[in-house]
Amino acid sequence: MTDRPTPGSGPPDLNQLRTFLAVHRAGSLTAAAHHLGLSQSTVTAQIRALEQRLDRELFERRARGVTPLPYADDLAARLSAPLDQLAAVADARGGGAPEPVHLAGPAEFLGTVLLGALAPLVADGVQLRVATGLTDPLLTELRAGRHDLVIATRRPRGRTLLAEPLADEEFVLVSAPVWADRLTGRDLPAALTEVPLLSYAEDLPIARRYWRHVFDRRLHTRAAVTVPDLRAVLAAVTAGAGWSVLPSYLCRAELDSGALRVLHRPIDPPINTAYLVRRPTGSANPHVAVVRDHLLAATRRLDQDADHTRGAPGGAPAAGPDRT
């Protein structure tokens, strides 16, 4: 006699199915265990028991998490709606409020645009837990279940995540009026070698992209100042420290007021698309869908407003630069 289930012997246990769905969504046994409040050994045992009962391997174990096999993707698609509905009923009976929505993305875009756009939801009771960082680490954390939604500065590769275009950003070459006046009538970009460059990073990621796209050449200038926060770069440029390339949404007010000037207006300015990224199986938290829909609607309105002023210094709002 043995307690070990034989393949196909009865329906799967509901707890095993819940654990399976948590692992599928998190892409990690450890992250799923944390989410469920279980030990990792318990989660591992439940997944093994479910695989034995179904007589199918569900996940490919890897050094960093697990990857669902095709049958697991199909099973998760069939389980997501009914288990989420069951969880919602349980929450309603217990009087529990939805969990906070975990949102992550570039600090500048989140702080300058998105949190203001989400203010009405917060006033209505939606809770947010906001994290900032670069795209690649944030996408890794999204796969592991640490975030619900991520603003990414590029479309993620593969099929493990769903990405929707959120907004386009335009990059502008700017300086304070004191430098703009000195550069009037001078040939660009050659004359800029005489003016200090301010950058987000030592390798000049935004400026290099601008040079390739607009001037069709490589940028060989060394930065006079580097600071890993575009808001700080903006402040230094506005104070007259030198020139930089910034996303137009970030410096729109300074351009409109005349505190900054655009040094060059290319016919085809560099554009970067930001994406709203989530796991394909969705979330049991109904507020995640509310935040997603509100973000998409809010950025569409921002883009429509920007279309009316495309020729003005401000340009279009968007997410942070691709610094990965």
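Here goes a summary of the coordinates provided. Quick caveat: nothing in here was measured; it's all calculated off a predicted structure.

Some words on helix α11 (residues 248-257)
- Inspection of α11 places S248, Y249, L250, C251 and L255 among the buried residues, and these make up the whole buried set.
- On its buried face, α11 sits against α5 (107-117), β6 (162-175), α10 (230-238), β9 (243-247) and β10 (261-264).
- Looking one or two residues past α11, G258 carries a phi angle of roughly 90°, positive in sign.

Side note on the nonpolar core
- Core analysis: the biggest nonpolar cluster contains 55 residues, and I151, W211, W243, V245, V291 and L295 have the highest contact counts within it.
- Those residues within four positions of W243 in sequence are excluded, and the remaining contacts are L173, V174, S175, L192, V195, P196, L197, L198, W211, V237 and L263.
- Grouped together as the second largest cluster of nonpolar side chains are 21 residues, A22, A33, L50 and A72 included.

A word on the packing of aromatic side chains
- By the definition in use, this model includes 6 aromatic pairs.
- Centroid distance F109 to Y249: 5.5 Å. Interplanar angle 65°. Geometry classified as edge-to-face. Here the residue F109 occupies a position in helix α5, and Y249 occupies one in helix α11, the gap between them amounting to 140 residues.
- The class of F109 is buried, set by a relative accessible area of 1%.
- For the ring pair W211 and F215, a centre distance of 4.9 Å and an interplane angle of 70° mean the geometry is edge-to-face. Of this pair, W211 and F215 both sit in helix α9 (residues 205-215), separated by 4 residues, roughly a single helical turn. As far as burial versus exposure is concerned, W211 and F215 are alike and both buried.
- Every member of this aromatic cluster is reached through a ring pair, and the members are Y210, W211, F215 and W243.
- One residue, R56, lies across the ring of Y71, its end atom 4.3 Å from the ring centre.
- In this arrangement the basic side chain of R182 is found over the ring face of W179, its NZ or CZ atom lying 4.5 Å from the centre.

Considering the pairing of β6
- For β6, the tally of buried residues reaches 10 of 14 residues, placing the bulk of the element in the interior.
- Taken together, the 8 bridges between β6 and strand β11 (residues 271-278) define a ladder with antiparallel strand orientation. If you follow P165 over to β11, its bridge partner there is Y275.
- Bridge count between β6 and β9: 5 bridges; the pairing is antiparallel. Each residue of the ladder has a partner; that of L173, found in β9, is V245.
- The sheet contact formed by β6 and β10 spans 3 bridges and is antiparallel. Across the sheet, the residue bridging to V174 is V262, located in β10.

Considering the pattern of salt bridges
- All told, the structure shown has 13 salt bridges when counted by the stated rule.
- One salt bridge in this structure joins R62 and E60, with 3.7 Å as the shortest N-O distance.
- Residue E60 is classed as partly exposed on the basis of its relative accessible area of 34%.
- In the salt-bridge network here, residues are joined through shared partners; they are E164, R278, R292 and D293.

As for unusual backbone geometry
- The peptide bond linking L188 to P189 adopts the cis configuration, its omega dihedral lying at 10°.
- Backbone geometry places D55, a non-glycine residue, at a positive phi of 60°.
- Structurally, D55 can be placed in the loop between α3 (40-54) and β1 (59-61).
- One non-glycine residue, L204, lies in the positive phi region at around 55°.
- As for its placement among the helices and strands, L204 is situated in the loop between β7 (198-199) and α9.
- Among the residues examined, L204 registers a relative accessible area of 4% and is labelled buried.

Cut-offs used in this document
Residues numbered from 1 in each chain as written. Predicted model: local features only at pLDDT ≥ 70, side-chain atom pairs only at ≥ 80, totals over all residues. Heavy atoms only, no water. Buried < 20%, exposed > 50% of the residue type's maximum accessible area, 1.4 Å probe, protein only. Helix = DSSP H or I, 4+ residues; strand = E, 2+ residues; numbered from the N terminus. Contact = heavy atoms within 4.5 Å. Core = buried A, V, L, I, M, F, W, Y, C linked by side-chain atoms within 4.5 Å. Phe/Tyr/Trp six-rings, centres within 6.5 Å; stacked < 30°, edge-to-face > 60°. Lys NZ or Arg CZ within 6 Å of the ring centre and 35° of its normal. Pairing = 2+ DSSP bridges. Salt bridge = Lys/Arg side-chain N within 4 Å of Asp/Glu carboxyl O.

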